[in-house]
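Letter by letter, the chains look like this.
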Amino acid sequence: MHTVLPDPRRWRTLPVILLATFMAAFDYMVVNVAAPSLARDLGAGPAALELVVGGYGFTYAAGLVTGGKLGDLFGHRRLFLLGMAGFTAASLLCGLAASAPELIAARLVQGLAAAAMAPQVLALITAAFPAGERPRALAWFGLTISLGGIAGQVLGGALLQADVFGLGWRVIFLVNGPVGVAALAAAARLLPRRAPAARPGLDPVGALALTLALALALVPLVVGREEGWPLWSVLSLAAAVPALAAALAWMRRVAARGGEPLLDLALFASRPLRVGLLVNVAVMAAFGGLMLTTTLLLQGGLGLDAAHAGLVFVPLGAGTMTAALLGRHLAARLGPRALPAGNALGTAGIALLALELHLAGASAGAPLIAAPLALVGLGSGLTMPALTGTVLGGVRPERAGAASGILTTTQQFSTATGVAVLGAVFFSALGHHPTPAGYAGAAEHALWLAALLYAAATALVTRLPRPQAPAAAPVSAPVSAPVTAAAPDTKTPVSA
């Protein structure tokens, strides 16, 4: 039997492909920090700002499944390079935009390009790393998403304050130019050339149907709260369910005829995939709500600016890095209890923050808020990479792109849902005449709901199969890190 040896350059390739993950997460959130400058320099009103922020999130989330499928069909290397090139070019167009409509158009293209390159990262990791090393590579993946999101808030604010070369807000996009070119050159040299096993059709009808269903749900989730949930947003959300059912029915019909549907519905026969997706729904919805309500509290209740509010989330990143250093030993000691233990730790962190707000109210300062966030980071750092590995562990390499697209779409969609639902709870409790104490009380209400979502995830992970202990590998790397969302700026609409 012929044995396929792992790519000897895989650990050198990993930082290159993870740079794409960092860039996608960074640009997902950095525009929030620049919103006041955009409104001043481009005359962008609230509606335009919603599209600048939410447009990227919409095209990114809506295109992930199709992007993953294209990688399976035409090669993950090729799609990664095309996506990175498109993302770099679109970033430059964003930085050169002379008007709000130009910036909106460039952001939409940027989101589509991110949807082309992002699913390839997990697929490339799945294909390049043997089972014993894959948890370590996934740990770096989770840590990169976390750091990218936090950097969007912290580094974005620093770049704006530095006013590099007098570029103002444009620097947050133009910085992607040299970074993207360097990543393209390294990826073209290091990524292995592997021909896809088959070249079936793309199923354009399925792609359009799924995109429409996601659009019917994502658009109102992105802009509905800022618009006061008008009737069209409610009708759109209601129509999303039958539209998704129709899209899935079409894909079943294509598969029954012996064709290749956009989604291989047989993937959902895997119990780890099904349960893992549900866990991701609960965790990412809780995270989206946690980041939104905490940032609203910091900026609206405590009066911090966006850059200083972003710094409060640094302990969350520090918690994930600590988990990355200690997670291997903790996972070995806890065994199958590692996943529920990590989720329980995250639940405790959110509940502790809610309890602090209940007891201290408006007098709860930034340090008091930052401590529970570090606890959440530790818990997520212990859980999320192992969860990602469990979800994708049974997927064949030739289906890794589609499965990665499903997982990432689920995470993005769940984050948007958490922002919408917990944001509605927050603003309903806040009322029309907010005070610092009102902000604390509103955040407390939303955080208790986030804690319940996390507790539900804790119960769900007990239904996952017990993970196998990874084999020892000669290269040392962190073992755990979270998939998190960075905090949005309260002056702008929140992206999906």
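Residues numbered from 1 in each chain as written. Predicted model: local features only at pLDDT ≥ 70, side-chain atom pairs only at ≥ 80, totals over all residues. Heavy atoms only, no water.

**Brief notes about the overall build of the protein**
In terms of helices and strands, the protein carries 16 helices and 0 strands. Evaluated residue by residue, the protein yields a buried proportion of 57% over its 496 residues. Accessible surface, the protein as shown: approximately 19300 Å² in total, 70% of it carbon and sulfur. (Helix = DSSP H or I, 4+ residues; strand = E, 2+ residues; numbered from the N terminus. Buried < 20%, exposed > 50% of the residue type's maximum accessible area, 1.4 Å probe, protein only. Areas by Shrake-Rupley, 256 points an atom, 1.4 Å probe, with all protein chains shown as cover.)

**Examining the nonpolar core**
Within the largest apolar cluster, 105 residues are counted, with the highest numbers of intra-cluster contacts made by Y60, F80, I125 and L290. If one sorts the elements of this core by residue count, helix α10 (residues 271-301) sits on top with 15 residues. Counting 26 residues, the second-largest nonpolar core is a separate cluster that includes V33, L42, I104 and L159. (Core = buried A, V, L, I, M, F, W, Y, C linked by side-chain atoms within 4.5 Å.)

**Focus: the pattern of salt bridges**
The tally for this structure, following the rule as stated, stands at 3 salt bridges. The residue K69 makes a salt bridge to E260 at a minimum N-O spacing of 2.7 Å. One end of the pair, K69, is in helix α2 (residues 46-74); the other, E260, is in the loop between α9 (231-256) and α10, with 191 residues separating them in the sequence. Neither K69 nor E260 differs from the other in exposure class; each is buried. (Salt bridge = Lys/Arg side-chain N within 4 Å of Asp/Glu carboxyl O.)

**A closer look at the packing of α10 against helix α15 (residues 400-430)**
Axis separation between α10 and α15 bottoms out at 6 Å; the angle between their running directions is 45 degrees. Viewed along their axes, α10 and α15 adopt a mutual orientation that is oblique. Two packed elements cross with a definite hand, and for α10 against α15 that hand is right-handed. Of α15, the residues touching α10 (which contributes L277, N280, V281, M284, A285, G288, G289, L290, L292, T293 and L296) are I406, L407, T410, Q411, S414, T415, G418, V419, L422, G423, F426 and F427. (Axes fitted to C-alpha atoms, helices over the stretch in contact; angles between N-to-C directions. Parallel < 35°, antiparallel > 145°, perpendicular 65-115°, else oblique. Left-handed = near helix turned anticlockwise from the far one by under 90°. Contact = heavy atoms within 4.5 Å.)

**Here's the deal with unusual backbone geometry**
Its identity is not glycine, yet F165 carries a phi of approximately 55 degrees, on the positive side. Inspection of the secondary structure assignment puts F165 in the loop between α5 (134-162) and α6 (171-174). Take F165: its relative accessible area is 79%, and that puts it in the exposed class. Although it is not a glycine, W229 sits at a positive phi angle of roughly 50 degrees. One can find W229 in the loop between α8 (204-223) and α9.

**Points about the packing of aromatic side chains**
Here the structure, examined in full by the defined rule, presents 7 aromatic pairs. Note on Y56 and Y60: the rings are 5.7 Å apart at their centroids and 40 degrees apart in plane angle, and the pair reads as tilted. Residue Y56 and its partner Y60 are both found in helix α2; the two are separated by 4 residues, about one turn of the helix. One exposure class covers both Y56 and Y60, and it is buried. Taking 6.2 Å as the distance between ring centres and 80 degrees as the angle between the ring planes, the aromatic pair formed by W169 and F173 counts as edge-to-face. Residues W169 and F173 agree in their burial class; the two are buried. Of the aromatic side chains, those joined through ring pairs into one cluster are F426, F427 and Y439. (Phe/Tyr/Trp six-rings, centres within 6.5 Å; stacked < 30°, edge-to-face > 60°.)

**Focus: the side chain of H76**
Within the element layout of this structure, H76 appears in helix α3 (residues 76-96). Its relative accessible area of 14% is what places H76 among the buried residues. A distance of 3.4 Å separates the side chain of H76 from the side chain of D72, its partner in a polar contact. (Polar contact = N/O pair within 3.5 Å; in protein donor to acceptor, adjacent residues only side chain to side chain.)

**Structural notes on helix α13 (residues 338-360)**
End to end, α13 covers 32 Å across 23 residues, agreeing with the expected 33 Å (1.5 Å per residue, within 8%). Positive backbone phi, approximately 60 degrees, marks G361, located one or two places after α13. (Expected span 1.5 Å × (residues − 1).)

**Details of the side chain of S233**
Relative to the helices and strands, S233 is located in helix α9. Look past the residues within four positions of S233 in its chain and what remains in contact with it is P220 and G224.

**Side note on the confidence of the model for the protein**
Mean pLDDT for the protein: 81, with 88% of residues reaching 70 or above. Averaged over each element, pLDDT in the protein is lowest for helix α12 (residues 314-334) (73) and highest for α3 (95). A low-confidence stretch, residues 468-496 stays under pLDDT 50, and its non-local contacts, those more than four residues away or across chains, total 108 contacts. (pLDDT = per-residue confidence, 0-100.)

**Notes on a nonpolar patch on the surface**
Where nonpolar side chains cluster on the molecular surface, the patch consists of L352, L355, L359 and W448 and spans about 390 Å² of accessible area. Tallying contributions element by element places α13 first for the nonpolar patch, with 3 residues. Exposure remark for W448: the relative accessible area of 37% places this residue in the partly exposed category. (Patch = residues over 30% accessible without salt bridge, like charges linked within 9 Å, V, L, I, M, F, W, Y side chains within 5 Å.)

**Description of the packing of helix α1 (residues 10-42) against helix α7 (residues 176-190)**
Relative orientation of the contacting elements α1 and α7 amounts to 150 degrees, with a least axis distance of 9 Å. One finds that α1 runs roughly antiparallel with respect to α7. In this structure, α1 meets α7 at a crossing whose hand is left-handed. Facing α1, whose interface residues are R12, T13, V16, L19, M23 and D27, α7 presents N176, V179, G180, A183, A186, A187, R189 and L190. Tallied by class, the residues present in the contact of α1 with α7 amount to 8 nonpolar, 3 polar and 3 charged. (Nonpolar A, V, L, I, M, F, W, Y, C, P; charged D, E, K, R; others polar.)

**Looking at the environment of G405**
In this fold, G405 is placed in helix α15. The class of G405 is buried, set by a relative accessible area of 0%. Sequence separation between G405 and A123 is 282 residues; the distance between their C-alpha atoms is 9.2 Å. If we ignore the near neighbours within four places in the chain, the residues touching G405 are L64, V65 and P119.

**Thoughts on the environment of L375**
With respect to the helices, strands and loops of the structure, L375 is situated in helix α14 (residues 366-392). Residue L375 is classed as partly exposed on the basis of its relative accessible area, which comes to 25%. Put simply, L375 and L316 are 59 residues apart on the chain and 7.4 Å apart in space, counted from C-alpha to C-alpha. Setting aside anything within four residues of it in sequence, one finds L375 in contact with L345, A348 and G349.

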